[in-house]
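Letter by letter, the chains look like this.
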Number of protein chains: 4
Amino acid sequence: MAAPFPIREHRLTRRVQFYETDAAGIVHFSWYPRYMEEAEHAMWRAAGLSIHEAGGEHGWPRVAITFDYVAPLRFEDVFDVTIRVAELGTRSLRYACDMTRGDTRIATGSMTIVCVTHGDDGQVRSAPLPPAITSRFAVAESQS
Amino acid sequence: MAAPFPIREHRLTRRVQFYETDAAGIVHFSWYPRYMEEAEHAMWRAAGLSIHEAGGEHGWPRVAITFDYVAPLRFEDVFDVTIRVAELGTRSLRYACDMTRGDTRIATGSMTIVCVTHGDDGQVRSAPLPPAITSRFAVAESQS
Amino acid sequence: MAAPFPIREHRLTRRVQFYETDAAGIVHFSWYPRYMEEAEHAMWRAAGLSIHEAGGEHGWPRVAITFDYVAPLRFEDVFDVTIRVAELGTRSLRYACDMTRGDTRIATGSMTIVCVTHGDDGQVRSAPLPPAITSRFAVAESQS
Amino acid sequence: MAAPFPIREHRLTRRVQFYETDAAGIVHFSWYPRYMEEAEHAMWRAAGLSIHEAGGEHGWPRVAITFDYVAPLRFEDVFDVTIRVAELGTRSLRYACDMTRGDTRIATGSMTIVCVTHGDDGQVRSAPLPPAITSRFAVAESQS
């Protein structure tokens, strides 16, 4: 089956684990950025890539996130995390993210990442996004 | 000693734990919202309050967060998390947060929380911020 | 489809997430008990049960765990967590757990849980395991 | 001030954070191994050591843990984690751990670690415990 490059968005379906809940009986808000990252890494795998290869040349630090929380998630809820490529620049990549449980909007988020290389001197340096990677992705038409 | 009410900001000093690091050798970005919340809860304790009392009437869900990541944190780094009251509305409270390691800016963030009550019918309802709580806090002069 | 009760064991297949790794480049050891619990809860769902029902009468605190770590897991590894019912007493239930990645043994573990009820006075009391629950499970023949 | 070598035990005092609680209203059991490790790393710092030095030669994988859970911890509880050197072998080090909140026994645990080196070929190999490290520690007299 031909890989459907470029990838514009990816949907991850996920169940809430007990250790993700807190004493208010809902998923702790710090898990939502992790859910967004899980969807991101699944999107990279769908594009034939790994965002963190052992001995790899590049790193992808996160430089900004936002989250708006609309409705809670509870233990064993099944929900969707849809991540879209929102901007694809020469030095950064921005994602938009929707979380839903059935017809219920749970949250929206965004995340900006940049590319760095690890020099022989151990220093981390900003780098342009490698074309071999950005060519696998394209900006999603709908960002709603 | 008289409590220094109202509280406008609070500084938490914190050491990076090993389980907070990831395979890139730095603190995973999902910990920063937790650090911000730790500082918030310490500020509430400094104001003589607990944000989550067993059997308490009110809950304080988080409705929005933002984070900008400037420099990484590594295992055993000691750093400061300074949280300030940025807006104190009738139905929401917004914090601004700075994270620093010595003179190095690590990150800035913000978080907005609202108040809810748990009715006898088990339903969660939005509620105005209780004056007994908001009177303990005031907006910080400097938000930089 | 007839449910295959009683359930004696359950296998969960799982991928390592980035936030589960640490600065040594491997999954932090504190995640293995969480993986074991994920498999346990999946086994309960396979038995038509939820281990934590909203407003439910019973709770299932963990009273003992053990883990032996044999080989590491790394980012994006796919692995299996097989949990078995090892002992089914009147007041406690003990699981045995194997973790493998292909033919490689990753870890073995065990966990003992008990049953409690929440009285009207808010007190937590030890309780016998409810037959409606224990009848869904049986001790696995092989514990290796 | 002379360092009180060898170190036999270390006590860490710690407050429960909100994100450590779960929907049962208590600290999730997977946090106890992390608390034990926090105390271990604090004991190494008290011995003038870091268990994970950037570019360091040695690694200290965990090969076994046990935990017995006696009483729960709740949000904002302050508790003590006392870790002791229980066995100091040529190739492994075993700790015993007690957790208490005031006079209440919360949990007991144990953890065994070994030493590895990272060869130039990238292979991880078992290694004897370095005398420069083991000379800083001694077996605690009381293991109760």
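Preceding this section is the structure that the text describes.
The sections below set out a description of the structure shown in this document. (Residues numbered from 1 in each chain as written. Chains lettered and ligands numbered in written order. Predicted model: local features only at pLDDT ≥ 70, side-chain atom pairs only at ≥ 80, totals over all residues.)

### Remarks on the overall build of chain A
Argument step 1. Scanning chain A for helices and strands turns up two helices and seven strands.
Argument step 2. Starting at the N terminus and walking to the C terminus, you meet the elements of chain A as β-α-β-β-β-β-β-β-α.
Argument step 3. On C-alpha atoms alone, chain A measures out to a radius of gyration of 16 Å, which is about the 15 Å that the 2.2 N^0.38 rule sets for 144 residues.
Argument step 4. Its C-alpha atoms give chain A principal-axis dimensions of roughly 50 × 35 × 25 Å.
Argument step 5. The proportion of buried residues among the 144 residues of chain A is 35%. (Helix = DSSP H or I, 4+ residues; strand = E, 2+ residues; numbered from the N terminus. Rg over C-alpha atoms; globule rule 2.2 N^0.38 Å. Buried ≥ 20, exposed ≤ 12 C-beta atoms within 10 Å, placed from the backbone.)

### Topic: the interface of chain A and chain B
Argument step 1. Listed by partner, the interface residues are 17 residues for chain A and 17 residues for chain B.
Argument step 2. The set of elements that each furnish at least two residues to the side of chain A that touches chain B consists of helix H1 (31–46) and strand S3 (62–69) of chain A.
Argument step 3. The dominant element in the side of chain A that touches chain B, judged by the number of residues it contributes, is S3 of chain A, at eight residues.
Argument step 4. Tallied by class, the residues present in the side of chain A that touches chain B amount to 10 nonpolar, four polar and three charged. (Contact = placed C-beta atoms within 7 Å. Nonpolar A, V, L, I, M, F, W, Y, C, P; charged D, E, K, R; others polar.)

### A word on the relation of the copies chain A and chain C
Argument step 1. For the pair chain A and chain C, the best superposition has an RMSD of 0.0 Å and corresponds to a rotation of 180 degrees with a translation of 0.0 Å parallel to the axis. The transformation just described matches what one would write down for a two-fold rotation axis. Across chain A, the smallest distance between a C-alpha and the rotation axis is recorded for Arg14 of chain A, namely 6.0 Å.
Argument step 2. When the interface residues of chain A are mapped onto chain C, 100% of them again lie at the interface, so the same face is used by both copies. (Least-squares fit on C-alpha atoms with pLDDT ≥ 70 in both.)

### Here we look at the relation of the copies chain A and chain B
Argument step 1. The operation relating chain A to chain B is a screw motion whose rotation component is 180 degrees, with 0.0 Å of axial translation and a residual RMSD of 0.0 Å.
Argument step 2. A shared interface surface links the copies, since 100% of the contact residues of chain A are contact residues in chain B too.

### Some details on the interface of chain A and chain C
Argument step 1. Taken together, the contact between chain A and chain C spans 11 residues of the former and 11 residues of the latter.
Argument step 2. Across the side of chain A that touches chain C, the residue classes break down as three nonpolar, four polar and four charged.

Purely spatial values, then, with no claim about function.
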